[in-house]
Amino acid sequence: REKVLIIGAGPAGLAAAAALKALEVPFDLVDRAPHVGGIWDPEREDSPVWPTMEMISSREHTQYEDMLQPVSFPEFLSPAQMAKYLRAYASRHDLTEHFRPRTAVRSARPFGEGVWQVELSTGEIGIYRAVISAHGISERPHRPEWAEDIPSSVQVMHAREWTGADGLEGKRVLVVGSGQSAADISVDAARRALEVRWSMRTGHWV
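The rules behind these values
Residues numbered from 1 in each chain as written. Predicted model: local features only at pLDDT ≥ 70, side-chain atom pairs only at ≥ 80, totals over all residues. Heavy atoms only, no water. Helix = DSSP H or I, 4+ residues; strand = E, 2+ residues; numbered from the N terminus. Buried < 20%, exposed > 50% of the residue type's maximum accessible area, 1.4 Å probe, protein only. Contact = heavy atoms within 4.5 Å. Phe/Tyr/Trp six-rings, centres within 6.5 Å; stacked < 30°, edge-to-face > 60°. Salt bridge = Lys/Arg side-chain N within 4 Å of Asp/Glu carboxyl O. Pairing = 2+ DSSP bridges. Axes fitted to C-alpha atoms, helices over the stretch in contact; angles between N-to-C directions.

> Account for the environment of Ala182, with residues named and values stated.
By secondary structure assignment, the location of Ala182 is in helix H3 (residues 180–189). When its relative accessible area of 6% is taken as the criterion, Ala182 is described as buried. Spatially, the C-alpha atoms of Ala182 and Ser199 are 9.3 Å apart, while their sequence positions differ by 17 residues. Those residues in contact with Ala182, other than ones at most four positions away along the chain, are Val175, Gly177 and Trp198.

Below is the structure:
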């Protein structure tokens, strides 16, 4: 009952795990993937990142304060380099001994303050003092209603389906949305496409 459950072994989940370990708070770290790293695991078939992707946040703004990235890494990392860095971070803080791979959370119910009943995909029922949710926001694609009215002559895809700019030569591309994935895809598409336009409801700094 003294343990904390961390759901998700990506950058946020690993940071939470390292903080709890420094405070000597017992915890379990679960993820339905086979390795730590979250979406930055190149072996995950359901990862929304693609091999040629380059991060648009620099190395200095993508590293943990307690573990700098290698100087041999470029200023803007690839997904494989980010995965390598996150695994090294987990190893440095001995987080893998608390990690339970291929384990998802079916339900988490609070029963008063400091008591959570959690059912895991393994069938286990556990009691935890707290739950930290770090499972990310890119698991389930959402398609707006207007996407259904676009003629079949126009290819429509969700950001999760993006695999790179190959095949866009001579084509015009419209990227809809103002999130991080929209920025990444706009930059990637501009390398090959004839024209890339970016649509967002309100302007803001990316």
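> Describe H3, and please don't skip the residues or the numbers.
Counting buried residues in H3 gives seven out of 10 residues, a clear majority hidden from the surface. All of the buried residues along H3 are Ala182, Ala183, Asp184, Ile185, Ser186, Asp188 and Ala189. Residues of H3 that are buried in the fold lie against strand E8 (172–176) and strand E9 (195–199).

> Any chance you could break down the packing of aromatic side chains for me, citing the residues and the numbers?
In the structure shown here, the tally under the stated rule is three aromatic pairs. Summarising the aromatic geometry, the rings of Tyr64 and Tyr85 are spaced 5.9 Å apart at their centres and angled 25° between planes, so their arrangement reads as stacked. Here Tyr64 is found in the loop between strand E2 (27–30) and helix H2 (79–92), whereas its partner Tyr85 is found in helix H2, with 21 residues between them in sequence. Taken as a pair, Tyr64 and Tyr85 share a single burial class, namely buried.

> Outline the pattern of salt bridges, supporting the account with residue identities and numerical values.
According to the stated counting rule, one finds 14 salt bridges in the structure shown. With its nearest N and O atoms 3.1 Å apart, the salt bridge here joins Arg191 to Asp188. Among the residues examined, Asp188 registers a relative accessible area of 5% and is labelled buried. It is possible to trace a salt-bridge network through shared partners that takes in Glu54, Asp188 and Arg191.

> So what's going on with the sheet that holds strand E6 (residues 125–128)? Residues and values would help.
As summarised here, the arrangement of the three strands in space is E4-E5-E6, forming an open sheet in which the pairing is antiparallel. One side of each edge strand has no neighbouring strand; the edge strands of this open sheet are strand E4 (105–110) and E6. Averaged over all adjacent pairs, the angle separating strand axes in this sheet is 20°, with direction ignored. The sheet contact formed by strand E5 (residues 116–120) and E6 spans four bridges and is antiparallel. Residue Gln117 lies in a different strand from E6, and its bridge partner there is Ile127.

Any link to function would need more than the numbers given here.
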